[in-house]
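For reference, the chains in residue letters:
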Amino acid sequence: MRKLAILTFVTLDGVMQAPKLPEEDTSNGFQYGGWAEKYWEEVMSSVAQHAMNKPYDVLLGRKTYELFNEHNAVNPNSPFHDLTKYVVTNSLSELTWKNSVPISGHVADEIRKLKEKDGPLLQIHGSWELTQALIKNNLVDEFRIWTFPIILGKGKRLFSDEDFPNDLNLITSETTANGVIMSIYSPKKDEILH
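Along each chain, residue indices are assigned from 1 in the same order as the chain's sequence is written. Per-residue local features of the predicted model are confined to residues with pLDDT of at least 70, and side-chain atom pairs are confined, for both listing and counting, to 80 or more; whole-chain, interface and lining totals are unaffected and use all residues. Hydrogen atoms and water are omitted, and side-chain values are computed over all heavy atoms in the structure.

1. A few points about the side chain of threonine 64
Within the element layout of this structure, threonine 64 appears in helix H2 (residues 62–73). Buried, partly exposed and exposed residues are distinguished by accessible area as a fraction of the type maximum, computed with a 1.4 Å probe on protein chains only: under 20%, between the cut-offs, and over 50%, respectively. What makes threonine 64 buried here is its relative accessible area of 12%. The contact definition used throughout considers only heavy atoms, calling two residues in contact when any of these lie within 4.5 Å. Excluding residues within four positions of it along the chain, threonine 64 makes contact with His125, Gly126 and Ser127. A run of H or I in DSSP counts as a helix once it spans at least four residues, and a run of E counts as a strand once it spans at least two, with each numbered from the N terminus.

This is the structure:
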């Protein structure tokens, strides 16, 4: 059985919306896109060391898939081209990025089936709506969180007021020189309250 890990960047107040680009996700009038940019280079070195150093496939929502596809299209050497990309979508009729596999229907059930198959770790990058569904359905085996020393006050948060693991095991953590804290947690599945 393969594990599923959420890899995300959040502000100190838990916002994960649009860390890299101003136009990345402006839904609900969000105006702070690109909030992580000044920390990016050092943080990506930490991400490469702690989250991308072993084989993995990615699980993406449709919007994140389109954004990553567009961003990586200009870089023929991007490692994302060779990864298997599972894309949760009910609207894309064709996935043009190589090694892309559509997932549709009841998302939680389909992800459970995917986890039961042999294969490397599944990592979710971005994909707020998908992340919320995975947390709500207790499908997350690891949270790989980079917390930035920024407070935005509004935006899409990693954890909502609804269901989420109440107790986590800290696997490892470290701080970058520019103040970003990397923490990797696993849920204590037997202690999740509903």
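2. A closer look at the nonpolar core
Burial of nonpolar side chains together is a common tendency in soluble globular proteins. Grouped together as the largest cluster of nonpolar side chains are 21 residues, with contacts concentrated most on Leu4, Leu59 and Leu134. Sequence-distant contacts of leucine 134, defined by excluding residues within four places in its chain, comprise Leu4, Leu59, Ile111, Ile124, Leu139 and Val140. As used here, the term nonpolar core means buried Ala, Val, Leu, Ile, Met, Phe, Trp, Tyr and Cys residues forming a set that is joined through side-chain atoms within 4.5 Å. Core analysis: the second largest hydrophobic core is formed by 19 residues, Trp35, Trp40, Ile150 and Val180 among them.

3. Some thoughts on the sheet that holds strand S5 (residues 121–125)
At least two DSSP bridges between two strands are required for those strands to pair. With respect to topology, 8 strands assemble into an open sheet ordered S4-S3-S2-S5-S1-S6-S8-S7, the strand pairing being mixed. The strands lining the two open edges of the sheet, one partner per strand, are strand S4 (100–103) and strand S7 (168–175). Each neighbouring strand pair of the sheet contributes to a mean axis angle of 25°, computed without reference to strand direction. Judged from the 4 bridges that link them, strand S1 (residues 4–11) and S5 form a sheet pairing that is parallel. Counterpart to leucine 4 in the pairing with S5 is leucine 122. Strands in contact with helix H3 (residues 107–116) are S1, strand S2 (56–61), strand S3 (85–88), S4 and S5; relative to S4, the strand with the most contacts, it is inclined by about 135°. An axis is simply a line fitted to the C-alpha atoms; with a helix, the fit covers only the stretch in contact. Between two such axes, the angle follows the N-to-C directions and lies from 0 to 180 degrees. Its contacts with the sheet put helix H4 (residues 128–136) on S1, S2, S3, S5 and strand S6 (142–148), and the angle it makes with S2 is roughly 110°.

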